[in-house]
There are 2 protein chains.
Amino acid sequence: MAPVKNGRALFNSYPEGYPVPGETIVYDDSETIVLENVPLNGGFLLKTLELSIDPYMRGRMRAPGSKGSYTGGYAIGKPLPNYGVGVVLRSEHPDVKAGDHLYGIYGTAYQNPVLCTNTDNILNIEFKEYAIRNDLASMQLVKIDNQHNLPWSAYVGVLGMAGKTAYMGWKKYASPKKGETLFVTTGAGPVGSLVIQLAKRDGLKVIGSAGSDEKVQFMKEIGADVAFNYKTTNTADVLAKEGPIDIYWDSVGGEMLEAAIDAANLNARFVECGMISVYNSGYTAPIRNFFQIIAKSLTFYGFVITRIEGEYNEEFYKVMTPLVGSGQIKFKDEKWNGLQSVGDAFLAVQKGTNKAKVVIHVADD
Amino acid sequence: MAPVKNGRALFNSYPEGYPVPGETIVYDDSETIVLENVPLNGGFLLKTLELSIDPYMRGRMRAPGSKGSYTGGYAIGKPLPNYGVGVVLRSEHPDVKAGDHLYGIYGTAYQNPVLCTNTDNILNIEFKEYAIRNDLASMQLVKIDNQHNLPWSAYVGVLGMAGKTAYMGWKKYASPKKGETLFVTTGAGPVGSLVIQLAKRDGLKVIGSAGSDEKVQFMKEIGADVAFNYKTTNTADVLAKEGPIDIYWDSVGGEMLEAAIDAANLNARFVECGMISVYNSGYTAPIRNFFQIIAKSLTFYGFVITRIEGEYNEEFYKVMTPLVGSGQIKFKDEKWNGLQSVGDAFLAVQKGTNKAKVVIHVADD
């Protein structure tokens, strides 16, 4: 019945530009917890196993009173919240028993679909080793039925928010037709790599870009017809040669988006999933060739996964779990060890120096 | 059997920035024609009555080899082509008889849906008083059944390309829901004024902007709930007070589009119809807040009427003709007299100094 350390990754200061490890997010081990008899008050005790680091989190690191976005801002001094997987150690909750594995938002409920302008929605259970939770629905936690014995990290990547983003965005907005050409940015990431594989399954020609030769190699392994390193190869040149493109999957914005607009075919669809190029620079990268939306009859769909997942969640797990379980859909994780690594891991994701989907491995099962 | 003058408005030089009257377009009266016996070679002789001046025409005034757009470039030294109405004086064509009135593109066949990069598609029968034509379909001419005795100018405005743009764009992209809010720019123009009326018929709150108090007055007459002069009133202030907006009808682009993005509601639809703000400045006005497409789950639809009108043409005339004929849908024309006025009229449309839909009245019936 000895207390054990309950380490936490705390949001420590609002970054200007890129986040700074050791400053933006800090590790704290001052809390302890007695696992055997901490009061549950009708809830359950969750041990964190894997946590997801996602590009969009940068948008939540904004001061109260600044312009709202689609998620709540992070509160200074509190553990970060994001998606994760944990295992139940003890439970007084009727729907949860010890040994259950849960996936979901670790620590915050999305204020969806309203625009969030403050930090009111931040709860106190977040990026930490152990947490007491009490309600599944309002915290968006779901039980994992791991019938294919996948690593738990898969459930925060290809079968988590990133996988849902790719699958549901592709399903709802891309309108793919066999023989068409897709251009996808961040093609080695958890979203882009699934988009590549879905597009190949639908019979499209796929052009993928990423920021390292290793990522290019991975895009080729999962089926991209054309894969290039945008840091060493001119995007416009590739698209001029391999395009025009019928679908652009955008996770970058800015100049890559402009290049895609220039290379778009008539009636092309633009799936606006993310804009990593603007997250650390004030969100103001200009789009200077937007008139082509008219000249080429383009359609642009912006979306946030939490607003559409209700439509597709059931289908998603039904279709994707066996495809991932059987290896027909491939994925790649990059594990970082412990909550101490969150600050560095987060910077890597913002800069793109990671090699694959970043997962914080907090504890073994 | 005396020859008569066959005046023409010729495209004379590629403008840089705004077109220059007397330079960009010149009037020429050196040609003559003998109406009674000019050989028809199986075709018909058409007397031009009304011609349309439209903002988009600026995009066709580009040098060969410059970036393509959705219409063919104009050829130097040739009559301009655009929409018009004419009456048949003589005919050897089986489908056309003297006295028939025809609406359509006067002088060019759209290269649709390919992107046009050159002037190959320019025919020799265009902005002139008399023309010999030989085929209805390939020249996109249709017979007018003027059962409501509307002025012929109506058929190049509210019942012409502009009316189709408003009606079909609204139908296909706007997804209006009763109680929602629309913001429409150039609300006193032939497209915007019809959009206002369609939106009111669908039960929306309508905010309209235009560039003069007279235009503001017209927007109010046709039902706009909020109408303002963007030159004397701050657009962002109006939208902050009267928004958020669920539908933005864009004929302007640039800063007005940015203001609309800032004022957009979640899931708002942007109908991208035109961008008059960029036509005379190199098409490069930046959009700096495009990230909001994601944060607010916005959808942007770019379109060109000639690519979608086939779907809706029959419905359009069936629904709109009685509405216009009975006065339930209102419209306003501004007539300019004779082909001599084309250069000035065209500049007025580009600068927005016109007061309503500009029509060149070439001849009485």
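Computed from a prediction, not measured in an experiment: that's the story for all the values here.

**Q** Just to check I follow, could you spell out the packing of aromatic side chains for this structure?
**A** How two aromatic rings sit relative to each other is given by the distance of their centres and the angle of their planes. One pass over the structure, following the stated rule, counts 37 aromatic pairs over all chains. Geometrically, the ring pair formed by B:Phe11 and B:Tyr14 is edge-to-face, given 5.5 Å between the ring centres and 70° between the ring planes. Looking at B:Phe11, the relative accessible area reads 1%, which means it is buried. We classify B:Tyr14 as partly exposed; its relative accessible area is 30%. In this structure an aromatic cluster arises from ring pairing among A:Phe183, A:Phe228, A:Tyr248, A:Phe270, A:Phe290, A:Phe300, B:Phe183, B:Phe228, B:Tyr248, B:Phe270, B:Phe290 and B:Phe300. When the ring centre of A:Tyr18 is taken as origin, the NZ or CZ atom of A:Lys351, which lies over that ring, is 4.6 Å away.

**Q** How should the environment of B:Leu266 be read in this particular structure?
**A** Structurally, B:Leu266 can be placed in strand 14 (residues 264-272). Between the C-alpha atom of B:Leu266 and that of B:Asp246, which follows or precedes it by 20 residues, the distance is 7.5 Å.

**Q** Is there a simple way to think about the relation of the copies chain A and chain B in this case?
**A** Its rotation angle being 180°, the transformation that places chain A on chain B also includes 0.0 Å of axial translation and leaves an RMSD of 0.0 Å. A rotation of that kind, with that shift, is consistent with a two-fold axis. In this assembly, 100% of the residues forming the interface of chain A have copies in chain B that are likewise at the interface, indicating an isologous arrangement.

**Q** Where do I start with the domain arrangement of chain A in this structure?
**A** Often, the extent of an interface is quoted as the loss of accessible area upon association of its parts. Residue and element names in this part refer to chain A. Split by domain assignment, chain A resolves into domain 1 (4-153 + 332-361) and domain 2 (161-306). Computed from C-alpha atoms alone, the centre-to-centre distance between domain 1 and domain 2 is 29 Å. For the domain 1 and domain 2 pair, buried surface summed over both sides reaches about 1,600 Å², with 56% attributable to carbon and sulfur atoms. Across the contact surface, domain 1 and domain 2 share 0 salt bridges. Applying the counting criterion to the domain 1 and domain 2 interface returns 5 residue pairs in polar contact (both at pLDDT 80 or more).

Rules used in this analysis
Residues numbered from 1 in each chain as written. Chains lettered and ligands numbered in written order. Predicted model: local features only at pLDDT ≥ 70, side-chain atom pairs only at ≥ 80, totals over all residues. Heavy atoms only, no water. Phe/Tyr/Trp six-rings, centres within 6.5 Å; stacked < 30°, edge-to-face > 60°. Buried < 20%, exposed > 50% of the residue type's maximum accessible area, 1.4 Å probe, protein only. Lys NZ or Arg CZ within 6 Å of the ring centre and 35° of its normal. Helix = DSSP H or I, 4+ residues; strand = E, 2+ residues; numbered from the N terminus. Least-squares fit on C-alpha atoms with pLDDT ≥ 70 in both. Contact = heavy atoms within 4.5 Å. Domains from an automatic or database assignment. Buried area = accessible area lost by both parts, 1.4 Å probe. Salt bridge = Lys/Arg side-chain N within 4 Å of Asp/Glu carboxyl O. Polar contact = N/O pair within 3.5 Å; in protein donor to acceptor, adjacent residues only side chain to side chain.

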